[in-house]
Amino acid sequence: MGHRDTDSSHSLSLLRPVCDGDEPAIRQMFVAIRRGPMDAAGFDPGTVVRLVEHQFELQRAGYRLTFPHATSEAIVVDGELVGRVITDDDEARLVLVDIMIDPGHQRQGIGSRLVADLVARAGSRSFELRIDHGSPVEAWYRRHGFEQVAANDVQAHFVRMPAANVLAATGT
């Protein structure tokens, strides 16, 4: 999980099922991504790690309950595990449950290439996701063609429809 330069020529070489051996690296990524606010609040580093690891376990349990048929895939670039994506596929839609890119590999186009691959995987189905209100990733998903279609008190529901479906719905 070392830091790489910001050369965007990396290829998204592999999406493969997550295996037990990936667990430590995925957990470490989660902690690295989520620890900032707790560090800023002045918690000691050991407490931060324990709290964020607890969040990791709660999130994982929640995903298993909500999306029992979801698939977890490791994102591998140039032979290195750099992230994890969870999707839930059925005949009508593809749901992006979660995506996580190691902070040392963010802003290199990996997420954008992954979303493009998932758009292709969705084909003629809708591609859906939920975003917590106030999340900075909302603008990023909007730039990738997602539109908000609903919301509740906690999250907004976004959908990216295939162009052919949109044109058919408008009669064009």
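A quick note: this is a predicted structure, and the numbers were derived from the prediction, not measured.

As a further point, take the overall build of the protein chain. On a plain count of helices and strands, the protein chain comes out with six helices and seven strands. Reading the protein chain from its N end, one meets helices and strands in the order β-α-α-α-β-β-β-α-β-α-β-β-α. Out of the 172 residues in the protein chain, the part that is buried amounts to 36%. Across the protein chain, contacts joining residues at least 24 apart in sequence account for 60% of those joining residues at least 6 apart. Counting every atom, the protein chain has about 9800 Å² of accessible surface; 54% of that belongs to carbon and sulfur.

Nonpolar side chains tend to gather and get buried jointly when the protein is soluble and globular. Counting 19 residues, the largest nonpolar core has Ile75, Leu96, Leu118, Phe127, Leu129, Tyr141 and Phe146 as its most contacted members. Among the secondary structure elements, those contributing two or more residues to this core are strand S2 (71-77), strand S3 (80-89), strand S4 (93-101), helix H4 (110-122), strand S5 (126-132) and strand S7 (155-160). No other element matches the five residues that H4 contributes to this core. One finds Ile26, Phe30, Phe56 and Ala74 within the second-largest nonpolar core, a separate group that totals 13 residues.

Our next topic: H4. Residues lying three or four places apart along an α-helix face the same way, a consequence of the helix completing one turn every 3.6 residues. The end-to-end C-alpha distance of H4, which contains 13 residues, comes to 18 Å, matching closely the 18 Å that a straight helix rising 1.5 Å per residue would cover. Taken together, the buried positions of H4 are occupied by Ile110, Gly111, Leu114, Val115, Leu118 and Ala122. Projection of H4 onto a plane perpendicular to its axis shows the buried side chains occupying an angular sector of 130°, all on one side. Directly after H4, the chain includes Gly123, whose backbone phi takes a positive value near 60°.

Another point: the packing of aromatic side chains. One pass over the structure, following the stated rule, counts four aromatic pairs. Look at Phe30 and Phe56: their rings are 5.2 Å apart centre to centre, the planes differ by 65°, and that puts the pair in the edge-to-face class. With Phe30 in helix H1 (residues 23-34) and Phe56 in helix H3 (residues 45-66), this residue pair connects regions lying 26 residues apart in the sequence. Each of the two residues, Phe30 as well as Phe56, counts as buried. Look at Trp140 and Tyr141: their rings are 4.8 Å apart centre to centre, the planes differ by 85°, and that puts the pair in the edge-to-face class. Feature note: the residues Phe127, Trp140, Tyr141 and Phe146 constitute an aromatic cluster, connected by ring pairs.

Let's shift gears to the confidence of the model for the protein chain. On average, residues of the protein chain score 87 in pLDDT, and 87% of them reach the 70 mark or higher. Contacts of residues 1-10 to residues separated by more than four positions or lying in other chains number 26 contacts, the stretch itself having pLDDT below 50. This stretch, residues 166-170, has a pLDDT under 50; its non-local contacts, to residues over four places away or in other chains, come to two contacts.

Here we come to the pattern of salt bridges. In the structure shown here, the tally under the stated rule is 12 salt bridges. Among the salt bridges present, the one from Asp90 reaches Arg93, with a minimum N-O distance of 3.8 Å. Exposure remark for Arg93: the relative accessible area of 30% places this residue in the partly exposed category. When salt bridges that share partners are traced, they join Glu23, Arg27, Glu57 and Arg60 into one network.

Procedures and definitions
Residues numbered from 1 in each chain as written. Predicted model: local features only at pLDDT ≥ 70, side-chain atom pairs only at ≥ 80, totals over all residues. Heavy atoms only, no water. Helix = DSSP H or I, 4+ residues; strand = E, 2+ residues; numbered from the N terminus. Buried < 20%, exposed > 50% of the residue type's maximum accessible area, 1.4 Å probe, protein only. Contact = heavy atoms within 4.5 Å. Areas by Shrake-Rupley, 256 points an atom, 1.4 Å probe, with all protein chains shown as cover. Core = buried A, V, L, I, M, F, W, Y, C linked by side-chain atoms within 4.5 Å. Expected span 1.5 Å × (residues − 1). Arc of directions from axis to C-beta. Phe/Tyr/Trp six-rings, centres within 6.5 Å; stacked < 30°, edge-to-face > 60°. pLDDT = per-residue confidence, 0-100. Salt bridge = Lys/Arg side-chain N within 4 Å of Asp/Glu carboxyl O.

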